[in-house]
Amino acid sequence: MYVAVKGGEAAINNAHRLLADRRRGDRSLPSVTIEQIVAQLGLAVDRVMAEASLYDRSLAALAIRQSRGDLIEAIFLLRAYRTTLPRFGTSVPVDTANMKIERRVSATYKDLPGGQLLGPTFDYTHRLLDPSLLTDEAVEGPARKDTTGEHAVRVSDILAHEGLIEPDGEFAEDHQAGDLTREPMEFPMSRDLRLQALARGDEGFLLALGYSTQRGYGRNHPFVGEIRIGEVEVELEVAELGFAVSLGRIRITECQMVNQFKGSSKAPPQFTRGYGLVFGQSERKAMSMSLVDRALRAEELGEDIIAPAQDEEFVISHSDNVQATGFVEHLKLPHYVDFQAELALVRKMRSDIEAARKGDRGEMQEAAE
Amino acid sequence: MDLAKQIEPNADTARRRAAGLLARATKDELHAAWERLPSRPEVTPVRGPETGLVMVRGRIGGGGAPFNLGEATVTRATVLLGSGTAGHAHALGTAKENVRLAAIFDALWQEPGTRDYVEAALLAPIEARIAVEDRQKAEETAATRVDFFTMVRGDD
C-alpha cells in the first residue's frame, strides 16, 4: 500500500518569502545591480558561465543575485534556463591562435614571440587584505605601452617545429563531435566528449584531481606550455546567407599543458599534451582541466591505469556539480516511509538476535545443569 | 551561386563585415542611426526577434578535431522592408530590440540608396569604436609584458 501525504504548502510559501527577504537583506543598503555583479564580480560570473555551460554574462549575474552568491545554485539556475531555449546551430570552432590576448604566459619558454604578458593576474600579489577596499577609494587607470605588433605564436606550434611533441588531437575524418547535452553518456568515451564534460565540470573537483596527479596518483610530469586568456570571435554559418557571420566575441581561457613522456609500446618518446579550454577568465580551471585531460589519455597512450584521475568513468561521472548536488541534496527530502521500513527491519533483526541469544543461553544453562 | 555574387565577387566578404559589425552595435549606436534615418522604411517582421542558443565549438589542442565547449545565448531576427529586401541579424546575448534594428540596417545596407548612410552613420563608427577599444586593451596588456634582464654577478 502506498499512502501519499500532502502538506507543507503554507510552510513552503513562507519559506520562499523568507528567502526573498534574506536575499534582499538590509533594506537600508542599496540593492546590488546586475551591472555591478558583471563589472565587479566578473570572475564569479565567469565560473557560473563555465560550469553552467552557457555564455551570457547578464544571465549569469542574475543567477548569482538570485542565488545569494551560492555559485552552484546559480549554475543550476542557468542550466535550467538553457533547457527552455531552442538551439539555432553550432558555431565554427573558435580560433584561439587569433585571440585578442589579455594575458599570455609560458613556463617552458622565457623569450617567445609575443612575450610573457601578465595581464590582470593575482600572481605575485602578496595576498594581504587591502584596507583601501573597505572604502570606495579611487583606483588609478591601467598603464599603457605601445604594442610590438608581434603575433603571439602558440607554444605548441613552436615545439611542433622540432617534431618533439605530438600534434593537436585529431580523429578520423568522418568523426562527428559528440554532444553530452543531446546523447546519453557512454563509456569509454572519445576525447571530444570528455573535453566537453571537463569544460563544464566542477572547478573544485577538477582542481583536486589535477592536484592528485601532481602528488603521484597518475603522475604525468606537466609543464605549462602556455596559458592564454582573451577574446575570440564566435562565427555561425547562417543558412539564409550561405556563409559564416560573426555573432560577437567571447572571453575564454586556454591552457596547453606539455607533458614528459618516456614512450610506450604504442608511441615513441616525445612530449604529449593535455588541453584545457574554459569560458571566461579561469586559469585554475583551465590548468586543472588540462591535467585531467592528459591523465584520462592513459589508455590511449598505453599507460597503466592506477589512479582515480585516470579512471574515465569515475572522473566524468562525478565532474558535474549540478548532478552531484542533486543527488547529494536529495537526501534531505522526506524519506519517511523508506526510513520506517528500515527501522522496522533493524528492530526485527535485533529481536531475532536477542531471541537467538536467549535460546543459546537457555541451552547453555541446560547443558551446565 | 546567384547572379549578384557573380557580378560582385566580394559581395559575401562585404556583407560578412557588415553583419559582424551590426552584431557588435550598441543600443545607443543603433538608436542614433535609426533616429537620424532620413526616411524610415516600412518594416514587416518575418522571424523573431527570438533568443536561442548556439553551441560554441573549440578544437582539441587548439587546432585539432572540434569539440563542444558550451552554449551561448544568441538573438536573431529577420525583417522584410516595404521594398522587398530581407534583412537578417544575429548577435550574442538577449538584446531583442538591438537585433531587430540590426536586421533592418542589414536590409538597408543591401539597398544602393541607403548603403552609404548605413556605412557612414553606423558601420564606420562601430568599426572605429572597436578599433579604439582593441587598441586600448592591447596597450594595457603590453604594459604588463615582462622584460627579462640578466643580473651580472661577480667582479669581472
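Each value, and the rule that gives it
Residues numbered from 1 in each chain as written. Chains lettered and ligands numbered in written order. Predicted model: local features only at pLDDT ≥ 70, side-chain atom pairs only at ≥ 80, totals over all residues. Heavy atoms only, no water. Buried < 20%, exposed > 50% of the residue type's maximum accessible area, 1.4 Å probe, protein only. Helix = DSSP H or I, 4+ residues; strand = E, 2+ residues; numbered from the N terminus. Contact = heavy atoms within 4.5 Å. Polar contact = N/O pair within 3.5 Å; in protein donor to acceptor, adjacent residues only side chain to side chain. Salt bridge = Lys/Arg side-chain N within 4 Å of Asp/Glu carboxyl O. Pairing = 2+ DSSP bridges. Axes fitted to C-alpha atoms, helices over the stretch in contact; angles between N-to-C directions. Parallel < 35°, antiparallel > 145°, perpendicular 65-115°, else oblique. Nonpolar A, V, L, I, M, F, W, Y, C, P; charged D, E, K, R; others polar. Core = buried A, V, L, I, M, F, W, Y, C linked by side-chain atoms within 4.5 Å. Domains from an automatic or database assignment. Buried area = accessible area lost by both parts, 1.4 Å probe.

Asker: Can you walk me through helix H4 (residues 57–66) of chain A in this structure?
Answerer: Residues spaced three or four apart along an α-helix face the same direction, because each turn holds 3.6 residues. When we look at burial in H4(A), the residues that qualify are A:Leu59, A:Ala60, A:Ala61, A:Ala63 and A:Ile64. Packing partners of the buried residues in H4(A) comprise helix H2 (34–40), helix H3 (42–52) and helix H5 (71–82) of chain A together with strand S2 (66–81) of chain B. Where H4(A) begins, one side-chain oxygen reaches toward the backbone nitrogen of A:Ser58, 3.2 Å away; that side chain belongs to A:Asp56.

Asker: Is there a simple way to explain the pattern of salt bridges in this structure?
Answerer: As a working rule, side chains carrying opposite charge can pair if their charged atoms are close by. In total, this model carries 49 salt bridges over all chains according to the counting rule given. For B:Lys137, the salt bridge identified is with A:Glu102, shortest N-O distance 3.6 Å. Highlighted residues: B:Lys137 in helix H5 (residues 112–142) and A:Glu102 in strand S3 (residues 100–105), drawn from two different chains. The class for B:Lys137 is partly exposed, based on a relative accessible area of 35%. Close ionic contact of B:Arg17 with B:Glu127 constitutes a salt bridge, the shortest N to O distance being 3.2 Å. Of the two residues, B:Arg17 is situated in helix H2 (residues 11–24) and B:Glu127 in helix H5; the sequence distance between them amounts to 110 residues. B:Glu127 gets classed as partly exposed once you look at its relative accessible area, which sits at 36%. A network of salt bridges, in which partner residues are shared, links A:Lys100, A:Glu102, A:Glu231, A:Glu233, A:Arg249, A:Arg251, B:Asp134 and B:Lys137.

Asker: What exactly am I supposed to notice about the environment of A:Gly69 here?
Answerer: By secondary structure assignment, the location of A:Gly69 is in the loop between H4 and H5. Separated by 265 residues in the primary sequence, A:Gly69 and A:Pro334 place their C-alpha atoms 27 Å from one another.

Asker: Help me understand the pairing of strand S2 (residues 87–92) of chain A in this model?
Answerer: Along any regular strand the residues' side chains alternate between the sheet's two faces. Judged from the three bridges that link them, S2(A) and strand S1 (residues 43–59) of chain B form a sheet pairing that is parallel. Looking across to S1(B), one finds that A:Arg87 is bridged to B:Leu53.

Asker: Sorry if this is basic, but what is going on with the packing of H3(A) against H4(A) here?
Answerer: In helix packing, the relevant descriptors are the interaxial angle and the interaxial distance, both defined with respect to the helix axes. All names here are of chain A. Contact geometry for H3 and H4: axes closest at 9 Å, N-to-C directions at 100°. Our classification of the angle between H3 and H4 gives roughly perpendicular. Contacts between H3 and H4 involve Gly-42, Ala-44, Val-45, Asp-46, Val-48 and Met-49 from the first element and Arg-57, Ala-60, Ala-61 and Ile-64 from the second. Split into classes, the residues belonging to the contact of H3 with H4 amount to seven nonpolar, one polar and two charged.

Asker: What should I look at first to understand the nonpolar core in this one?
Answerer: For soluble globular proteins, the rule of thumb is that nonpolar side chains tend to be buried together. The biggest cluster of nonpolar side chains holds 74 residues, and the ones touching the most others in it are A:Leu198, A:Ile250, A:Ile252, A:Phe279, A:Val315, B:Val56 and B:Leu69. Lining this core are residues from two domains, each supplying at least three of them: domain 1 (9–82) and domain 2 (91–120 + 150–168 + 180–320) of chain A. Setting aside anything within four residues of it in sequence, one finds A:Ile250 in contact with A:Tyr55, A:Gly230, A:Glu231, A:Val232, A:Val234, A:Phe279, B:Val56 and B:Leu92. Core analysis: the second largest hydrophobic core is formed by 30 residues, B:Val79, B:Ala91, B:Val99 and B:Ala107 among them.

Asker: Help me understand the domain arrangement of chain A in this model?
Answerer: Residue and element names in this part refer to chain A. What the domain assignment lists for chain A is domain 1 (9–82) and domain 2 (91–120 + 150–168 + 180–320). On a C-alpha basis, the centres of domain 1 and domain 2 stand 29 Å from each other. Listed by partner, the interface residues are 13 residues for domain 1 and 15 residues for domain 2. Summed over the shared surface of domain 1 and domain 2, the result is three salt bridges. Across the salt bridge formed by Arg-47 and Glu-203, the nearest N and O atoms sit 3.9 Å from each other. Linking domain 1 with domain 2 are four residue pairs in polar contact (both at pLDDT 80 or more). Listed by contribution, the elements that provide at least two residues to the side of domain 1 that touches domain 2 are H3, strand S1 (54–55) and H5. Residue contributions to the side of domain 1 that touches domain 2 peak at six residues, all from H3.

Asker: Any chance you could explain the interface of chain B and chain A here in plain terms?
Answerer: Contact residues are listed per partner, giving 57 residues for chain B and 77 residues for chain A. In this assembly, chain B packs against chain A so that about 5,800 Å² is buried in total across both faces, 60% of it on carbon and sulfur atoms. The three residues of chain B that bury the most area against chain A are B:Leu69, B:Glu71 and B:Arg145, which together make up 11% of that side's buried surface. The tally of links from chain B across to chain A stands at 11 salt bridges. Of the charged contacts, one joins A:Arg144 and B:Glu139 as a salt bridge, the two residues approaching to 3.0 Å between their closest N and O atoms. At the junction of chain B with chain A, the criterion picks out 31 residue pairs in polar contact (both at pLDDT 80 or more). The element contributing the most residues to the side of chain B that touches chain A is S1(B), with 11 residues. A per-class count over the side of chain B that touches chain A returns 21 nonpolar, 18 polar and 18 charged.

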